[in-house]
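Each chain is listed here by its residues.
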Amino acid sequence: MTHHRLDALDKKILKLIAGDARIPFLEVARVCNVSGAAIHQRIQKLNNLGVLKGSQFIIDPEKIGYETCAFIGLFLKDPEKFDSVVEALKKIPEVVECHYTTSGFDMFIKIYAQNNHHLLNIIHDKLQPLGLQRSETIISFNAAIDRALPIIDVEEEDSEEEDVAESEI
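Section: the confidence of the model for the chain
Put simply, the chain has an average pLDDT of 88, and 89% of its residues get 70 or more. Here residues 156-169 scores under 50 on pLDDT; set against residues more than four positions off or in separate chains, the count is four contacts.

See below:
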């Protein structure tokens, strides 16, 4: 993965749009003291670099009837079928994340279900047929922290680099 060096304007733009994805570009331009065209160009650059991955509305799963959030570690009978299992998982709408991990699991998924009975049906009817040896399920009662990754200020980053440079002298 490529790390992109962001300047102060990029970081300021990211902080503003991360705080409110619906903020008008002209408002971002006003706060950043640049033209609207400059904001459009920077947003396009950040999109092209892959720093921004689009925008979306975030739906609260509970508000639409999905009361159970679970994390499931999957152990495959045949780990060589990983790619085909991932493709099959993409077709299960309740599966919202799938991760490669360093644990003993072959994969680790996040899933939403309407209730525990629905979760059991998903595991039995949709996951088991994918060729699972076994699975381990952790049900989340509530997310204590659920936030976007912060954008580090240029000043903070620069002072950290200076501290490292001074300690090397």
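With respect to the sheet that holds strand β1 (residues 68-76)
An order of β2-β3-β1-β4 is seen for the four strands of this open sheet, with the pairing classed as antiparallel. Two strands in the sheet have a free side with no partner beyond their single neighbour: β2 (95-99) and β4 (132-140). Strand after strand, the sheet turns through a mean of 20 degrees between neighbouring axes, direction not considered. Relative to strand β3 (residues 107-113), β1 runs antiparallel, the two being bridged by seven bridges. Among the inter-strand pairings, T68 is bridged to a residue of β3, identified as A113. In this fold helix α4 (residues 82-90) packs onto β1, β2 and β3, with an angle of close to 15 degrees to the strand it touches most, β3.

Examining the pattern of salt bridges
Under the counting rule described, the total for this entry stands at seven salt bridges. Measuring nitrogen to oxygen at the nearest pair gives 2.8 Å for the salt bridge that ties K45 to D10. Note that K45 is positioned in helix α3 (residues 36-49) and D10 in helix α1 (residues 8-19), a separation of 35 residues in sequence. Assessed through its relative accessible area of 31%, K45 is described here as partly exposed.

What to know about the nonpolar core
The biggest cluster of nonpolar side chains holds 19 residues, and the ones touching the most others in it are I72, L89, M107 and L127. Secondary structure elements with two or more residues in this core: β1, α4, β3 and α5 (116-127). Contacts of M107, omitting those with residues within four sequence positions, involve I72, G73, L74, L76, F82, V85, V86, L89, C98 and H99. Membership of the second largest hydrophobic core comes to 13 residues, among which are I13, V28, I39 and L52.

Observations concerning unusual backbone geometry
Not every positive phi belongs to a glycine, and N33 is a case in point at roughly 60 degrees. Here N33 shows up in the loop between α2 (25-32) and α3.

A short note on α2
Residues of α2 that are buried include every one of V28, A29 and C32, and no others. Summarising the axial view, the buried residues of α2 lie within an arc of 100 degrees, below the 170-degree limit, and thus occupy one face. More than 90 degrees from the buried face of α2, the exposed residues found are L26 and R30. Here the buried face of α2 lies against α1 and α3. Downstream of α2 by a residue or two, N33 has a phi angle that is positive, lying close to 60 degrees.

What counts and how
Residues numbered from 1 in each chain as written. Predicted model: local features only at pLDDT ≥ 70, side-chain atom pairs only at ≥ 80, totals over all residues. Heavy atoms only, no water. pLDDT = per-residue confidence, 0-100. Contact = heavy atoms within 4.5 Å. Pairing = 2+ DSSP bridges. Helix = DSSP H or I, 4+ residues; strand = E, 2+ residues; numbered from the N terminus. Axes fitted to C-alpha atoms, helices over the stretch in contact; angles between N-to-C directions. Salt bridge = Lys/Arg side-chain N within 4 Å of Asp/Glu carboxyl O. Buried < 20%, exposed > 50% of the residue type's maximum accessible area, 1.4 Å probe, protein only. Core = buried A, V, L, I, M, F, W, Y, C linked by side-chain atoms within 4.5 Å. Arc of directions from axis to C-beta.

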